[in-house]
Each structure stands twice: as C-alpha cells, then as structure tokens.
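# Chains, contacts and geometry: an overview
In case you want the letters, here they are:
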Amino acid sequence: MRCIRLIPCLDVDNGRVVKGVNFVGLRDAGDPAELAAAYADQGADEIVFLDISASVEGRNTMVETVTTTAERLFIPLCVGGGVRSVDDARRLLRAGADKVAVNTAAVERPFLISEIAGEFGSQCVVVAIDAKRSTNGETKLSAPVKSWRVYTHGGRIPTDLDVFKWAHKCQELGAGEILLTSMDADGTREGFDIELTKAVSTTCSIPVIASGGAGNLEHLSRIVLEGAADAVLAASIFHDGDYTIVQAKEYLAASGVCVRPYIC
Amino acid sequence: MTELTVNQMSPANQDDFFIAVLDYGIGNLRSAQKAFEFVGGRACLVESPAQARGAGGFVLPGVGAFGHCLKALRESKLDRTVVEAIDASLPFLGICVGLQMLYEGSEETPDVKGLGVIEGAVKQLSGTQKRPQMQWNCISRTDGRRPALLQGVGENPWVYFVHSYAPPLSDVVVATCNYGGDVTAAIERDNLWGTQFHPEKSGAVGLSILANFVALCRSLNFHWHL
C-alpha cells in the first residue's frame, strides 16, 4: 500500500529557524532541534532542513545544528542547501542526516548525484528541483503551459533544462527521490501545482515530494489524490499554527489518503 | 570455538554489558547507536572483530547497495564476527541491508555472495509500485508468530521503510508489510532477528523495538552467566 509522508520544512540560517513559528509550549521557537522534535512528536513523517545561510560559517553551523537535532530525533531527517560535493554530503550524513538534498550543484555537475549515490546509496540522495512555468507571458497557474523550466540558485537563475528531462536524468543518475518545488505556487498559499506534480510523479519511478503552495488542508489532499504526490512538504501552514500535523493527517485520512495515523 | 564465544561465555559483570554496532565504514551508523543509547542500552561502534569481543549483543546496520555493503563488511573483517556471533547463538539484529547480507545473495548484485547465514536470496520488490519503497508502512505478524522483538508495539505498528529489495517470504519471516503484495518486514530464528525497516527511524515504535532487543540481550546474557 502506498502511504504518503507529511513533511514540515524548516528554513535555517546560521543555526536558527528564520520564519516565525507559532507553536505552543516551545522554549525557543527559533531552535531547529526543538522544533524538529516537536513536529516529530505531533506525528510528522520526516523533517527537512533547508540551509539558507550564505556564508561558510553558516554552513559549518548547519553541521552542528544537524548533530544536535539528530541526538533526539528518531524519524528521517533530510538536509539541503549548499551541498556541493561528496564531502559536504558526508559531513551532514555523519552528523546525523539521513538524506541530503542537492540542487544547483547537481545542475552544474550532474555526476555529483551518482557520486553521492555510489558512496552512500541512492536512498540518501534527494534532488531538489525548482520548477517554473514557461508560458506565453501569462504567469497565472491556470495559464496554458508550454513547459516547465529548471531554476537554480534559490530560484534566481533560469537554466535551459526542461523539468521532466532533468527529473528523468536525476533518476538515471541514481537519485532516490525528487523534491519538486513549484516556484509559481510557492508562497501563494493557493494550492500546489497539480499539473506539474502529476506529470513528474507519474512518469518517474522514484518518489516525488510536492512542495510549494500549501494554504489549507484541502490543498494537501488534492496534491496527493489529483497530483499523485508521494509525499507533501509544507512550511508556513504548520509554522504559523494554522493547522497541526495531527489535524492535517486526520483530514487526509478522512479524504481517503493513506497516512501513518497519529499515536500518542 | 572461537575467541569470541569463549569470551562471551565467561562470567561477566552486567555493568560491562554493551551492544556492538558493527561499523564497517558505510553511511550514518551514529543514528542506530544513538537510538540504542536513548533506550538505555550502551552501544559502541566497533570497527574490528577485536573491538566486538565481549559484546552482549550485535547489530549489523546497512544502507545503500548490497554489493557495496558486503565488500566493505569483508574488508573490515567484521563478516567473521557476524558469522561467529550467529553460530554461537548470541543475540543479533540485522537492519535493512544488514539483514539482507545474511542471505545467500541478492538480485541487486548477483555476482556478490551473501554471508549465507539464512537460506534464500534477496529479491527486488515486485509489482507496479514505486521503487524504492520510501515511506512508513504498517506491519502484520505472520500467522501464529509472536516475535519477542515486536512485543508491546500493538497489532499493526507503523515503521519506516527505505528499500528496493527484500528477503524472500520463508519460514523465518515473522512480520510482513503490504507493498504491491506481501513483503518481508521482520525475521526471527532463535536469537537472530532482522528488520527490513529502520527501527532507529521509526519514532516511538522503533525505539520500543530496540528496547526489546536490549532487554533480550540482557536476559540472554544473564542466563549464560547463571
């Protein structure tokens, strides 16, 4: 049976969670380790840390953050942001990450995917793809799509890569899963890009995590039921305290989506 | 008998109890060690047969490709420790590829021989489902089996899987999950246990399973020393 994973994502800058998090009962709402543990207690299936630090110091801090977090986190932890080499991956995995996500560095040098997979196994290589609709001037989600293009450097720089071709190439090179972010939907809270996710997920044999656009619980169920997502990533709807992981799972289960039930 | 077993059988202080997590140089083994320590079992990463001596239980983790793991295991010489510990009926837990390596071989790497401690060959997950199975799934005990490892975790506990291959459905299988058909989730043979899922990544349920293993190790050690 196919059961989807619900994954809260934390943006971490220099060892601190950057977006405000409205959790009740936290000692330190900016501490990634405490937040990860709190989400795990609520029944999160996995945690993603995205390192948005711009500096080398920030990257080193991330290794410490992962070490501290992994001390008391007993669900999978994926860390992305700034992974450029097998050594970068090794540092994070040794610190306690279970998976690393690569993005820009993999686009620049696709064989990096094979190198990390060869050294540590495909299961720990997630390729993060930032996808943007390429339309005839229209930017709305409903605009007719010519294609989706891959962007790098946190969505700032367009490439010539087509999202589907790149996703398939990642799979061939040994990626274990794809973290697919719709740049058009990200931050809108108007729902995931179903068309994009479905097209990638149904043509890839590896799991696809849908990201970008979650605004309510219906969005979560639709991206699974209509978009064929294998996992769903969300940030602000959980951080802002709109919904708890428990509520999201109850809603998904009631919609007919297979999820791991919350057991206290 | 081997050095290892002679040492095991000698009276030992229970305070010296430790679980040897076999560290043959792959991936993140700290997570298994930390999980054992969280449930109160002293766990040491051991890199050689000598370091494993005196252990009250053995854990063989494993992630990545079957052939890659076996090559590394043989280079570390810890493959001998595995075979000797299981031959001597010492408590042993194989996790994921650590379980798969105990079989005679795997479809994943047909030219590499497994350790052959358990009969049969590891097979690719069949059906139209995605590979790897990278998700939480609930497991069911095989009819008539009440494995000690799965005590106290409920009838259908949820655990985390990451794998494209799985051991065959044979008489050592004590629990399965459903993923395009029945898939081996856990095995038991005397004091040998194995999980295709990752207890160290399976939250509270996984920690209970590891605590069960620690308790089994302690009680078995206690009986040897009577």
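Read on for a plain summary of the structure. (Residues numbered from 1 in each chain as written. Chains lettered and ligands numbered in written order. Predicted model: local features only at pLDDT ≥ 70, side-chain atom pairs only at ≥ 80, totals over all residues. Heavy atoms only, no water.)

## Quick notes on the nonpolar core
- Ile47(A), Ile116(A) and Leu220(A) are the most contacted members of the largest nonpolar core, which totals 79 residues.
- In this structure Leu220(A) touches Leu6(A), Phe192(A), Ala214(A), Val232(A), Ile237(A), Phe238(A), Ala248(A) and Leu252(A), once residues within four positions along its chain are discounted. (Core = buried A, V, L, I, M, F, W, Y, C linked by side-chain atoms within 4.5 Å. Buried < 20%, exposed > 50% of the residue type's maximum accessible area, 1.4 Å probe, protein only. Contact = heavy atoms within 4.5 Å.)

## A look at empty space enclosed by the protein
- In this structure the tally under the stated criterion is two cavities of 30 Å³ or more.
- Put simply, the second largest cavity is a space of about 80 Å³.
- Every residue lining the second largest cavity is listed: Arg2(A), Cys3(A), Arg5(A), Pro207(A), Asp230(A), Lys130(B), Pro132(B), Gln133(B), Met134(B), Gln135(B) and Tyr179(B).
- At three residues, the largest contribution of residues to the lining of the second largest cavity is made by strand β7 (residues 133-141) of chain B.
- For the lining of the second largest cavity, the residue count by class is five nonpolar, two polar and four charged. (1 Å grid on protein atoms, 1.4 Å probe; cavity = no way out; pocket = protein on both sides within 12 Å on 5 of 7 lines; lining within 4 Å. Points joined across faces, edges and corners; volume = space filled by probe spheres on them. Helix = DSSP H or I, 4+ residues; strand = E, 2+ residues; numbered from the N terminus. Nonpolar A, V, L, I, M, F, W, Y, C, P; charged D, E, K, R; others polar.)

## Overview of the interface of chain A and chain B
- Chain A puts 36 residues into the contact, and the matching count from chain B is 29 residues.
- Around 2700 Å² of area is buried between chain A and chain B when both sides are counted, 56% of it from carbon and sulfur atoms.
- Considering only the surface of chain A that becomes buried against chain B, Met1(A), Phe74(A) and Arg94(A) emerge as the three largest contributors, covering 29% of it.
- The tally of links between chain A and chain B comes to three salt bridges.
- One salt bridge connects Arg30(B) with Glu71(A), and the closest N-O pair in it is separated by 2.9 Å.
- For the pair chain A and chain B, the number of links is 17 residue pairs in polar contact (both at pLDDT 80 or more).
- Secondary-structure elements contributing two or more residues to the side of chain A that touches chain B are α2 (56-71), α3 (86-95) and α5 (111-120) of chain A.
- Sorting elements by how many residues they give to the side of chain A that touches chain B places α5(A) first, with three residues.
- Among the residues making up the side of chain A that touches chain B, the classes are represented as 17 nonpolar, seven polar and 12 charged. (Buried area = accessible area lost by both parts, 1.4 Å probe. Salt bridge = Lys/Arg side-chain N within 4 Å of Asp/Glu carboxyl O. Polar contact = N/O pair within 3.5 Å; in protein donor to acceptor, adjacent residues only side chain to side chain.)

## Points about the state of the cysteines
- This model, assessed by the stated rule, comprises one disulfide over all chains.
- In this model, Cys3(A) is linked to Cys258(A) through a disulfide, with the two sulfur atoms separated by 2.3 Å. An S-S torsion of about 50° defines the bridge between Cys3(A) and Cys258(A) as right-handed. One end of the pair, Cys3(A), is in the segment before β1 (5-13); the other, Cys258(A), is in the segment after α10 (245-254), with 255 residues separating them in the sequence.
- Counting only cysteine sulfurs, Cys78(A) is the nearest neighbor of Cys124(A), a cysteine outside any disulfide, at a range of 9.6 Å.
- This cysteine, Cys96(B), is not joined by any disulfide, and Cys69(B) carries the nearest cysteine sulfur, 8.4 Å off. (Disulfide = S-S within 2.5 Å.)

## Focus: the packing of helix α1 (residues 32-42) of chain A against α2(A)
All names here are of chain A.
- The N-to-C vectors of α1 and α2 enclose an angle of 35°; their axes lie 8 Å apart at closest approach. Crossing handedness for the pair α1 and α2: right-handed. Here Pro32, Ala33 and Ala36 of α1 come into contact with α2, specifically with Thr65, Thr68 and Thr69.
- Here the residues of the contact of α1 with α2 are counted per class, giving three nonpolar, three polar and no charged. (Axes fitted to C-alpha atoms, helices over the stretch in contact; angles between N-to-C directions. Left-handed = near helix turned anticlockwise from the far one by under 90°.)

## Structural notes on the sheet that holds strand β6 (residues 121-124) of chain B
Residue and element names in this part refer to chain B.
- Spatial ordering of the open sheet is given by β5-β6-β9, a layout of three strands whose pairing is mixed. Edge positions in the sheet fall to β5 (105-106) and β9 (165-166), since each has one partner strand and no second.
- Pairing geometry for β6 and β9, over two bridges, is antiparallel. By the bridge assignment, Lys123 is partnered in β9 with Ala166. (Pairing = 2+ DSSP bridges.)

## Let's talk about the environment of Asp88(A)
All names here are of chain A.
- One can find Asp88 in helix α3.
- By relative accessible area, which is 18% here, Asp88 ends up buried.
- Spatially, the C-alpha atom of Asp88 lies 9.2 Å from that of Val100, the residues being 12 residues apart in sequence.
- Filtering out sequence-adjacent residues up to four positions away, Asp88 remains in contact with Gly82 and Val83.
- At a separation of 2.7 Å, a polar atom in the side chain of Asp88 contacts the side chain of Arg91.

## Overview of the packing of aromatic side chains
- What the rule picks out here adds up to eight aromatic pairs over all chains.
- Both rings, one in Trp193(B) and one in Phe213(B), keep their centres 6.1 Å apart while their planes meet at 80°; by these two values the pair is edge-to-face. Here Trp193(B) is found in strand β12 (residues 192-195), whereas its partner Phe213(B) is found in helix α7 (residues 203-224), with 20 residues between them in sequence.
- Accessibility expressed as a relative area gives 3% for Trp193(B), which makes it buried.
- Owing to a relative accessible area of 0%, Phe213(B) belongs among the buried residues under this scheme.
- A connected cluster of aromatic rings, assembled from ring pairs, spans Phe36(B), Trp193(B) and Phe213(B).
- Cation over ring: Arg260(A) sits above Trp136(B), and NZ or CZ is 3.5 Å from the ring centre. (Phe/Tyr/Trp six-rings, centres within 6.5 Å; stacked < 30°, edge-to-face > 60°. Lys NZ or Arg CZ within 6 Å of the ring centre and 35° of its normal.)

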